[in-house]
Every structure is written in C-alpha cells, then in structure tokens.
Amino acid sequence: MANYGFAGRRLCLALLSLASLLCGLSIANRKSFPDCCCMPHDSCWPGDSQWAHFNKTVNGKLIATVPIASICHNDSFTAYDQSQCAQLQSNWGLPVTHYESPSSIMAPGFTNLSCNPFSSKASPCTIGNYVQYAVNATDAADVQKTIHFADIHNIRLVIRNTGHDLLGKSTGAGGLAIWMHHMKDISIVDYVSSQYSGKAMRVGAGVQAFEGNDVASKAGLVIVGANCPTVGLAGGYSQGGGHGQLVSLVGLAADQVLEWEVVLANGDLVTASSTDYPDLYWALSGGGGGTFGVVVSMTSKAYPELPTASGNLSFSDSGVSRDTFFAAVSTFISILPTIGDTGGVSVWWLSNTTLATTPTTIPGGTATLFNSLFSPLIAFLEQKNIQHTYYVNDFPTYYDAYQMMSPPDNITDQLLGGRLIPRPTVEQKVGDLVPTFRDIVERNVGFLVSGIMVNSSRVAYPDNSVNEAWRNALMDVLIATVFDYTDWNNDVARQQLITDVLMPRLEELTPGGGAYLNEADPNQRDWQNVFYGDNYDTLLRIKKKYDPNNRFYAFKAVGSEAWTVTDNGRLCRLQGY
C-alpha cells in the first residue's frame, strides 16, 4: 500500500531511454529474460558491488531482507531462538509486528508461507515472496533514486508502507521496495483554492491514522481515517477510497484529498490537484495505490472537532431458536439505513452464533439519538429473551470516542471475499440478504460475515475515480475465515469456496455492483469492472500516460493485466502488452 512524503528535487533519469526499456530492461538484460524482471541468481541481477554503490547513493538506507520469522527456524539468517519464537508467535497478529518491518506483510496468503513462524523449526525459511531489498525512504530523492536503480537493472519495484494490505500489493518475489513508513511529517495548513478554503492536514507518506488523529485533536480538528488506527493515511487507503467512522458525515477518504505530491515513473516530482495535473489527481483519488506513481505526501480536508455518541451491542443465539436469532439479525440490518442517515457508521460482524457492533458511532450525535435508533432492535431482543449486551455513551469529542471504542485490532490474517451492498438491497431485499448471510455462516465452521455500514453519498462528493458502486452502497460486506498457517491446501480450497460458491450469492443480490478494491476476493472475476466500475478505461489511459512502460505493478491494480507472476514469483510481461 503505497503513500508518501515531502520535498525533493527532480532527478534526471535520462541515462537510459525509457522508451527502450521493457520493465526497465537494459539491452544486456533483454538477452536473458526478454519479458521478465530479473531475480536473484540471474545473470542480470546486480552484483554485490552494485548494491553497495546504490546503498551509498541512498545514504546507507538499503535494507537486505531478513524474514522476521527466521528466529523460528534453523536457517542461514538468524539463529533459532525458542523463547523469541514463542514471543513472535504470540504477537504475530499485532500490526506493529509487521509495520515496523521493511518486508513483512499482514496478508499471509501472499507470502506463500515463505517463512512461517508456526511451522517446524526444520522447515525451510526463505525470502521467497517477500521483497529482496527495501530502501528506507525519507524524502522524494530516495524514491527517485530507487526507481532509477530498479529501471536500469530490471528489478521488480514494490511500494510499501505499513504492510496493511489484504491483496498483497506491498510485497513481491525479487522485489526492491520503496519503504515509505518513516516519512512522518505532519502539518496543519490553511488551504485556499477555488474548490476549498479552510483547514487541511498535510501528511507524509508514512503517517498512520493514529498519528494523524493525535495531531488533528490537538488542533481541535478531525480527519477521515481508517477504523484500524495503524493504517497509513496517504497510501492505498485514501488512494483506494478509504472508509471510516466519519464517512457518513463528510465522505470517503479519497473525497477529502486536495492535492497529492507524487514521484512519477520518469522521476519527476509533481503536485497533482484539481487544477494542476487534474487527470492524475482524479486517478489517484480512488483509482488504487501503487499504480500511477509514488505518493510522497497528501493534503486533505480537516474539520472542527465535535461531540460524538458511540456504543457497542452484541447478542447470541443462546437459548433461542435459529430462526429467532436470525430474525434479530434482520432487525439489526433493517435499522442500518437510519443510522447512516444521521451521519453514523456501524462496524459489525456476524458468526454462526453471535452478532456484534464494534462500534456504532454517530459523530455529532447523542446517546439519546443513538438509543432511539436502536430501540426497535432492543425491544425485539427483550421481547424474545435474547441474551445481549448494550453500551452507549456521550463523548465530548470524536477523538475521545475513537480512542476508547476503536482500539488497535489484530490484523486480518483471513481468507476474504467482499461486496458493496446497495441501499435498495438492504431496504427492499432484507428477506433475501439475511438468509444469504445465514447460509454463509452456517456452511462452514469459522466463516464470518462482517460489514461496515457507511453512507458515503450523504453529502456532496467531488469528481474523482472512486468506484461509482460506493455512491449507492450502504455496506461494505466481507466474507471471511481464518487463514490456517499449517494447511496451505485447505486455505486454497476454502478461498476457492468463497470465490465459486459464496461470493456468487452476494453478487446475485447486487447485479452490476462492485467491491471495495482494498478488501476483496483476490480471485475476483471481472475485477476491472468490479473494483473500478466504468472508470477503468479512463484510469488505464491515465496509467499509460504517466507510466507508459508499466513501471508500477501491483496485484489487481490498473494495468496489471499486462503482467503475470510465474510459479517462482517472477514478474513477466504477457505477450501483446
């Protein structure tokens, strides 16, 4: 998930004509792999002296990957350490375990179990599908130099920040990563343009939601950020749309962006806004991360702090029939539109036995309003003697509500499918929607349905490349089951079940609909239309304009159909592209 920080100067990349490159191929490299990027042990891979020289050009910021799980194995990286391995296993689900690493990611399916902390110490630990090297970029010049080096040596380029990335865009075998995590500059600015005048926040590529929230709060402001506080703000999150607990009040994260500072494939550092590079600005605002360039900073709208109501509710099937439990689920789903209409957002999940909101938040609302919205559900639960817990509180600020009600969660190391559910489906087809949810959670032990209810079109939104399916959506719904670190074949089979059996059930209820490109089935069919909608052709034209040699590859990103990944992870261009 790419994003990224600050000033820098234009770096001339004219040492080689990009028009003569294919994935940055030099003439010598073409002889070895005419349509593929180089991998370690290929003759075209840079030698130690070349890596050492490159390291000097980036002031010693080059990092060779050592898989963090190597302490759990007998390998050539680090010595096996039983106590450290046990500690790593216990912390593996925590985001900080991965976002402080230049190579580890939070989507285990895309590591291909290259180095697994849960397998036996005698099992192989390899770099595998992790990046080979990363540059700890701290300014735009580091980004420019890394793009240049990857070009002239035909190396797969990867853009990464925190590793919060459910579709594996921030890793890749044989890759050289531009690691944006330490671009942490934050400033509050008074922004003036023909489109907007008011408070705004400028964040470097590595700024995470909790860091942005802290600075905004001290200034008496709020910003749109992710439900998970450790997600990076300026990367794939905002570039892909970006939902969160302020979205029903002010719009998606992409809708807030005023300008992007971005390094292009040719090394130019430009600022894209609605008036300068407007096509690039349009594409970056919803068209997906790691695609059109390397964003080094983002400037987005900020809003005055406000009192907020937030609460949790959960109920189970204990002591009641299955039909009664799912009737309560239907009642919950049926009140979601009214919550969205107040500017509220509800994060919820459904298992075979339990439904919980975690949390529901109404910025600018009160506990009295919150109670009135939930009263039909509470009345039903009490009437049917359904066991439940219910908590709601008035918080003096949104920041206080977020801090208490949205603590850091464990990462989503799950197999996924996703669908945007239109409001009419919720209001008119709840009798079909909830039985579909029931079929999913009853089909296999461990399957969940989770959702975030937002009304991203409650307020006027700008012209950007956000999938139009968001504008009619009431919920982003995920089908999920836990990834099994010890049974790869079972993971493959269950992911295929999601793709072939479970996702089609949701798609039948939402014909012509879409999915949130940051939270989706990696095997999604017709992904160009499902993730990007009618914007895809325009996005592809802009991609070719600013990245004519398809330098920036990311899984299921715009233009990625020009590439394939071989069994050993090598990135190769398909014939005809």
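Residues numbered from 1 in each chain as written. Predicted model: local features only at pLDDT ≥ 70, side-chain atom pairs only at ≥ 80, totals over all residues. Heavy atoms only, no water.

**Q** Hey, could you run me through the overall build of the chain in this one?
**A** When you go through the chain residue by residue, the secondary structure sums to 18 helices and 20 strands. Since a compact globule built from 577 residues should have a radius of gyration of about 25 Å, the 24 Å found for the chain is in line with a globular shape. With the C-alpha coordinates of the chain rotated into their principal frame, the extents come out at 75 × 60 × 45 Å. When the 577 residues of the chain are sorted by exposure, 60% land in the buried category. Sequence separation of at least 24 residues holds for 73% of the intrachain contacts in the chain that already meet a minimum separation of 6. A total accessible area of about 21200 Å² is found for the chain, and carbon and sulfur atoms account for 52% of it. Where the 36 positive side-chain charges of the chain centre and where its 50 negative ones centre are 6 Å apart. (Helix = DSSP H or I, 4+ residues; strand = E, 2+ residues; numbered from the N terminus. Rg over C-alpha atoms; globule rule 2.2 N^0.38 Å. Buried < 20%, exposed > 50% of the residue type's maximum accessible area, 1.4 Å probe, protein only. Contact = heavy atoms within 4.5 Å. Areas by Shrake-Rupley, 256 points an atom, 1.4 Å probe, with all protein chains shown as cover. Lys, Arg positive; Asp, Glu negative; His and termini not counted. Charge placed at Lys NZ, Arg CZ, Asp CG, Glu CD.)

**Q** Which parts of the structure should I look at to understand the packing of helix α11 (residues 322-341) against helix α12 (residues 367-383)?
**A** Axis angle and axis distance: for two packed helices, these are the angle between their axes and the distance between the axes, and together they describe the pair. It is the contact of α11 with α12, at a shortest axis distance of 8 Å, that shows an interaxial angle of 170°. Regarding the angle of α11 to α12, the classification is roughly antiparallel. On α12, the residues touching Thr324, Ala327, Ala328, Thr331, Phe332, Ile335, Thr338 and Ile339 of α11 are Leu373, Phe374, Pro376, Leu377, Phe380 and Leu381. A class-by-class count of the residues in the contact of α11 with α12 yields 11 nonpolar, three polar and no charged. (Axes fitted to C-alpha atoms, helices over the stretch in contact; angles between N-to-C directions. Parallel < 35°, antiparallel > 145°, perpendicular 65-115°, else oblique. Nonpolar A, V, L, I, M, F, W, Y, C, P; charged D, E, K, R; others polar.)

**Q** For this particular structure, what's the right way to read the state of the cysteines?
**A** Cysteine pairs can be covalently joined through their sulfur atoms, and such a bond is termed a disulfide. Scanning the model with the defined rule gives four disulfides in all. Between the sulfur atoms of Cys36 and its disulfide mate Cys572 the distance is 2.0 Å. Because the sign of the S-S torsion sets the handedness, a value of about 105° for the bond joining Cys36 and Cys572 places this disulfide among the right-handed ones. Of the two residues, Cys36 is situated in the loop between α1 (27-32) and α2 (48-57) and Cys572 in strand β20 (residues 571-573); the sequence distance between them amounts to 536 residues. (Disulfide = S-S within 2.5 Å.)

**Q** Please clarify how the nonpolar core should be interpreted in this entry.
**A** It is characteristic of soluble globular proteins that their nonpolar side chains tend to be buried jointly. One finds Leu233, Tyr237, Leu280, Phe292, Phe531 and Tyr532 to be the most contacted residues of the largest nonpolar core, which totals 65 residues. The next biggest cluster of nonpolar side chains, apart from the first, holds 59 residues, and it includes Leu381, Leu415, Leu506 and Leu509. (Core = buried A, V, L, I, M, F, W, Y, C linked by side-chain atoms within 4.5 Å.)

**Q** Please explain the sheet that holds strand β15 (residues 388-395) as it appears in this structure.
**A** Across the sheet, seven strands lie side by side as β15-β12-β14-β13-β17-β18-β16; this open sheet has antiparallel pairing. If you trace the sheet from one side to the other, it starts and ends with β15 and β16 (414-422), each paired once. When the angles between neighbouring strand axes are averaged without regard to direction, this sheet yields 10°. Summarising the sheet, strand β12 (residues 308-316) and β15 pair through eight bridges and their orientation is antiparallel. Each bridged residue has a counterpart across the sheet, and for Phe315 the counterpart in β15 is His388. This element, α11, spans β12, β13 (345-350), β14 (354-363), β17 (448-453) and β18 (473-482) of the sheet and lies at about 160° to β13. Along the sheet face, helix α16 (residues 488-509) touches β16 and β18 and points at about 10° away from the line of β16. (Pairing = 2+ DSSP bridges.)

**Q** Just to check I follow, could you spell out the pairing of β12 for this structure?
**A** Within a regular strand, side chains alternate between the sheet's two faces. With respect to burial, β12 is a largely interior element, seven of its nine residues being buried. One ladder, built from eight bridges, connects β12 with β14; its direction is antiparallel. Its bridge partner being in β14, Gly311 is matched across the sheet by Thr360.

**Q** Would you take a moment to explain empty space enclosed by the protein for this structure?
**A** Over the atoms rolls a probe the size of a water molecule, and in doing so it shows where empty space is left. By the definition in use, this model includes eight cavities of 30 Å³ or more. Here the largest cavity is characterised by a volume of approximately 110 Å³. In terms of lining residues, the largest cavity is bounded by Met201, Val203, Ile223, Val224, Leu233, Tyr237, Ser238, Ala253, Gln256, Met298, Ser300 and Lys301. Those elements giving two or more residues to the lining of the largest cavity turn out to be β6 (197-204), α7 (236-239), α9 (253-256) and β10 (294-301). (1 Å grid on protein atoms, 1.4 Å probe; cavity = no way out; pocket = protein on both sides within 12 Å on 5 of 7 lines; lining within 4 Å. Points joined across faces, edges and corners; volume = space filled by probe spheres on them.)

**Q** Could you clarify how one ought to interpret the packing of α2 against helix α5 (residues 140-152) in this entry?
**A** Contact pair α2 / α5: the axes reach a minimum separation of 10 Å and the direction vectors enclose 160°. Judged by the angle between their axes, α2 and α5 are roughly antiparallel. In this structure, α2 meets α5 at a crossing whose hand is right-handed. Packed against α2, whose contacting residues are Gln50, Trp51, Phe54 and Thr57, the element α5 presents Lys145, Thr146 and Phe149 at the interface. Residues of the contact of α2 with α5, tallied by class, amount to three nonpolar, three polar and one charged. (Left-handed = near helix turned anticlockwise from the far one by under 90°.)

**Q** Help me understand helix α18 (residues 536-546) in this model?
**A** Think of an α-helix as 3.6 residues a turn; residues three or four steps apart then line up on the same face. By the burial criterion, the buried members of α18 are Tyr536, Leu539, Leu540, Ile542, Lys543 and Tyr546. Buried residues of α18, seen end-on, are gathered within an arc of 165° and therefore sit on one face of the element. Turned more than 90 degrees off the buried face of α18, the exposed positions are Asp537, Arg541, Lys544 and Lys545. (Arc of directions from axis to C-beta.)

**Q** Sorry, what's going on with helix α6 (residues 209-218) here?
**A** All of the buried residues along α6 are Ala209, Glu211, Gly212, Asn213 and Ala216. Where α6 is buried, its residues meet β5 (186-192), β6, β7 (221-222) and α13 (398-405). Phi turns positive one or two residues past the end of α6, at Gly220, with a value near 75°.

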